[in-house]
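Given next are the chains, with one letter for each unit.
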Amino acid sequence: MNEESAPTLPLTPAALKGLRVIEMGQLIAGPFAGKTLGEFGADVIKIEAPGTGDPLRNWRLIKEGTSVWWQVQSRNKRSIALDLRSPEGQDIARKLIAEADVLIENFRPGTLEGWGMGYDVLSKLNPGLVMLRISGYGQTGPYRDLPGFGAIGEAMGGLRHLTGEPGRVPVRCGISIGDTLAALHGTIGILTALYHRKVNGGQGQVIDVALHEAVFNVMESLLPEYSAFGAVREAAGSALPGIAPSNAYRCSDGYVLIAGNGDSIFKRLMQVIGRDDLGADAGLANNAGRVARVAQLDEAIEAWTQSRAVVEVLAVLGEARVPAGKVYTAKDIDEDPHYRARDMILQQTTRDGYVVDVPGVVPKLLGTPGTVRSSAPRLGDDTDAVLDELGFSTQDIAALRGRKVVA
């Protein structure tokens, strides 16, 4: 970690210090939940398959043999390489879980039961265990056993139908948002269950998160509009349907997003673009009137923006207190002073020795802020240490390694 870029370490204990999390998930959804807990002080022990490890280690761009994505997703975690398909490996996993507060898994439903690690078994070993289970369709229902990835969850949850231009092939939003939404819902579930366990004297419990349900939960008015009016919301490109004016507008050297949809903001926007006539039009004084004439408003706004550079448009609108922004690339983010000022870009030294910029920690707790305490582990970096904590001797560990139960 670069000392100049690292956040100031808090004087108080980390918010989740003392919380032990066993992460059995792989790729995105489960591990993102583990990442979030780890950033606030939880001891996250990641179980990976010997030899291969989490497939995310090899996804997208690779540096020094490992994905740079891995450096973000697995920071603050410890890695134990353990064969969960072997009876000995399953026995070790149960020992770990017996001493944990939280178990995170995102296998297909029934996988853990087949390994003798269903919640009925684990809760007898550890009645206070909180178990997050993330899957495509949930642990129940007719689709339970179907394979499901985040992209499928985005489609079933209603998001994909709304992305892209009207009448064209639905597009993805550019990241695995379905997985991340599931992870965030799972994290909320974990913290809620832990609160119940501690404050209300409750036992542990299972948190059942389905990818499509996590997406569906953020779909705003999609379902009630269909229920009340029979309205099926459709893709609208860069516009915000039903709220106007709010769109992306062409400039001489790019695009800007302008949200002039508040009543007073709209009047200020019209004044800026030299259309006081529209600002004073009683028919445009509220959102309903503006939505009815949104094409006229978009045309008027773009007539003003298209002859100006993005930087000029943003400067003028900022002075007029009209919300606007440019479409950032990775380069824009990396060079932006606001990101730097809020510790949202950190320099992290990987265990392979190179330095890479990574996102900072959110949300920002001002009393007990999250931190990056350790870089992402190599496969099995912590196998010996974790087994030692369980009481295995050096000879025991060597014998397990010889039988390829651990690595």
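Note that this is a predicted model, so its numbers are computed, not measured. Counting restarts for each chain, with residues numbered from 1 along the sequence as it is written. With pLDDT at 70 or above as the cut-off, local features in this predicted model cover only qualifying residues; side-chain atom pairs require 80 or more to be listed or tallied, and sums for whole chains, interfaces and linings still use all residues. Just so you know, side-chain values use all the structure's heavy atoms and leave hydrogens and water out.

Novice: Tell me what's going on with the overall build of the protein, and back it up with residues and numbers.
Specialist: Summing up its helical and strand segments, the protein has 18 helices and 13 strands in all. With the C-alpha coordinates of the protein rotated into their principal frame, the extents come out at 85 × 50 × 40 Å. In this scheme, a residue with accessible area under 20% of its type's maximum is buried, one over 50% is exposed, and one in between is partly exposed, where area comes from a 1.4 Å probe on protein chains only. Evaluated residue by residue, the protein yields a buried proportion of 44% over its 407 residues. Every residue pair with non-hydrogen atoms within 4.5 Å of one another is taken to be in contact. Pairs at least 24 apart in sequence give 68% of the contacts found in the protein among residues at least 6 apart. In this tally Asp and Glu are treated as negative and Lys and Arg as positive; neither His nor the chain ends contributes. For this purpose, a charge sits on NZ of Lys, CZ of Arg, CG of Asp or CD of Glu. Each charge sign in the protein was given a centre, from 42 positive and 48 negative side chains, and these centres are 2 Å apart. To qualify as a helix, a DSSP run of H or I must reach at least 4 residues; to qualify as a strand, a run of E must reach at least 2; elements of each kind are numbered from the N terminus.

Novice: Go over the packing of aromatic side chains, please, and point to the residues and values.
Specialist: Geometry of an aromatic ring pair is reported as the spacing of the ring centres plus the angle between the planes. Only the six-membered ring of Trp is used, alongside the rings of Phe and Tyr, when aromatic pairs are assigned; centres must lie within 6.5 Å, and planes under 30 degrees apart are stacked while those over 60 apart are edge-to-face, with the rest tilted. The full count for this structure, using the stated rule, is four aromatic pairs. Considering the side-chain rings of Y137 and Y143, the 5.7 Å spacing of their centres and the 80° angle between planes classify their relative orientation as edge-to-face. For Y143, a relative accessible area of 43% gives the class partly exposed. Judged by centre distance (6.4 Å) and plane angle (40°), the rings of Y328 and Y339 are tilted. Of this pair, Y328 sits in the loop between β11 (324-326) and α15 (330-335) while Y339 sits in helix α16 (residues 337-341); the two residues are eleven residues apart in sequence, bridging distant segments of the chain. Since its relative accessible area comes to 37%, Y328 is described here as partly exposed. Lying across the ring of F266, R290 places its NZ or CZ 5.1 Å from the centre. The criterion for a charge sitting over a ring is simple: Lys NZ or Arg CZ within 6 Å of the ring centre, and within 35 degrees of the ring normal.

Novice: So what's going on with the packing of helix α1 (residues 29-39) against helix α7 (residues 177-199)? Which residues, and what values?
Specialist: Two packed helices can be described by the angle between their axes and the distance between those axes. Axes, fitted as lines to C-alpha atoms, cover a helix only where it is in contact. Angles between the N-to-C directions of the axes lie from 0 to 180 degrees. Between α1 and α7, the least distance of the axes is 8 Å, while the angle of their chain directions is 50°. Between α1 and α7, the interaxial angle falls into the category oblique. The element α1 and its partner α7 pack so that their crossing is right-handed. In this structure, α1 contributes A29, F32, A33, T36 and L37 to the contact, and α7 contributes D179, T180, A183, L184, T187, I190 and L191. Relative orientations are named as follows: roughly parallel for angles under 35 degrees, roughly antiparallel for angles over 145 degrees, roughly perpendicular for angles from 65 to 115 degrees, and oblique for any other angle. Handedness of each helix crossing follows the sense of rotation of the near helix against the far helix: counterclockwise by less than a right angle gives left-handed, clockwise gives right-handed.

Novice: Explain the sheet that holds strand β9 (residues 246-251) to me, using residue names and the numbers behind them.
Specialist: When DSSP finds at least two bridges between two strands, those strands are taken to pair. With antiparallel pairing, three strands are arranged side by side in an open sheet as β9-β10-β11. The open sheet has two free edges, formed respectively by β9 and β11, since each of these has just one partner strand. Neighbouring strand axes in the sheet, compared pairwise and without regard to direction, differ in orientation by 25° on average. Sheet analysis places strand β10 (residues 254-259) next to β11, joined by three bridges and oriented antiparallel. The residue of β11 that forms the bridge with I258 is A324. Sitting on the sheet, helix α14 (residues 310-319) touches β9, β10 and β11, and the angle it makes with β10 is about 20°.

Novice: Please set out the nonpolar core residue by residue, giving values where relevant.
Specialist: For soluble globular proteins, the rule of thumb is that nonpolar side chains tend to be buried together. Residues grouped as a nonpolar core are buried Ala, Val, Leu, Ile, Met, Phe, Trp, Tyr and Cys residues, joined through side-chain atoms within 4.5 Å. By size, the foremost hydrophobic cluster in this structure holds 36 residues, and its most contacted members are V21, V102, I104, L132 and I190. Elements that contribute at least two residues to this core include exactly α1, β6 (102-105), β7 (130-135), α7, β8 (205-210), α8 (211-216) and β13 (355-359). Leaving out residues up to four positions away in the same chain, V21 has contacts with L37, A42, D43, V44, I45, V102 and I104. In terms of nonpolar packing, the next biggest core, distinct from the first, is built from 29 residues, L82, I92, F107 and M117 among them.

Novice: So what's going on with the side chain of D101? Residues and values would help.
Specialist: Topologically, D101 is positioned in the loop between α3 (87-98) and β6. As used in this structure description, the phrase polar contact means that two N or O atoms lie within 3.5 Å; if the pair is within protein, one of them must be able to donate a hydrogen and the other to accept it, and residues adjacent in sequence are counted only when both atoms belong to side chains. Here R20 takes part through its backbone nitrogen, which lies 2.9 Å from a polar atom of the side chain of D101. With residues up to four places along the chain from it excluded, the contact list for D101 reads G18, L19, R20, G128, L129, V130 and R197.

Novice: Can you lay out the sheet that holds β8 for me, pointing to particular residues and giving the numbers?
Specialist: Ordered in space as β5-β2-β1-β6-β7-β8, the six strands form an open sheet in which the pairing is parallel. Both outer strands of the open sheet, β5 (77-81) and β8, are each paired with one neighbouring strand and no more. Averaged over all neighbouring strand pairs, the angle between strand axes comes to 20°, with direction disregarded. The sheet contact formed by strand β1 (residues 20-23) and strand β2 (residues 43-48) spans four bridges and is parallel. Within β2, the residue paired with I22 across the bridge is I45.

Novice: Lay out the environment of A182 with the relevant residues and their values.
Specialist: Tracing the chain through its elements places A182 in helix α7. When the C-alpha positions of A182 and G391 are compared, they lie 35 Å apart, and in sequence the two are 209 residues distant. If we ignore the near neighbours within four places in the chain, the residues touching A182 are I134, V209, L211 and A214.

Novice: How would you sum up the environment of F107? Please name residues and give values.
Specialist: Its location among the elements puts F107 in the loop between β6 and α4 (111-114). In sequence terms F107 and R133 are 26 residues apart; their C-alpha atoms lie 7.9 Å from each other. Each residue touching F107, except ones within four places of it in the same chain, is listed here: M24, L112, W115, I134 and S135.

Novice: Can you tell me about α3, naming the residues and giving the values?
Specialist: Under the 1.5 Å per step criterion, the end-to-end length of α3 is 16 Å for twelve residues, consistent within 8% with the ideal 16 Å. Taken as a whole, α3 has its buried residues at G89, Q90, I92, A93, R94, L96 and I97. Helix span, expected: 1.5 Å multiplied by one less than the number of residues in the helix.

Novice: Report on the pairing of β10, specifying residues and quantitative values.
Specialist: Sheet topology places β9 next to β10; six bridges connect them, and they run antiparallel. Paired with A248 across the bridge in β10 is L257. Connecting the antiparallel pair β9 and β10 is a turn made up of two residues.

Novice: Give a detailed account of unusual backbone geometry, specifying residues and quantitative values.
Specialist: The linkage connecting A244 with the following residue, P245, adopts the cis geometry, with an omega of -10°. With respect to the helices, strands and loops of the structure, P245 is situated in the loop between α9 (222-229) and β9. Between V362 and the following residue, P363, the backbone shows a cis peptide bond with an omega angle of 0°. Mapping P363 onto the fold places it in the loop between β13 and α17 (383-389).

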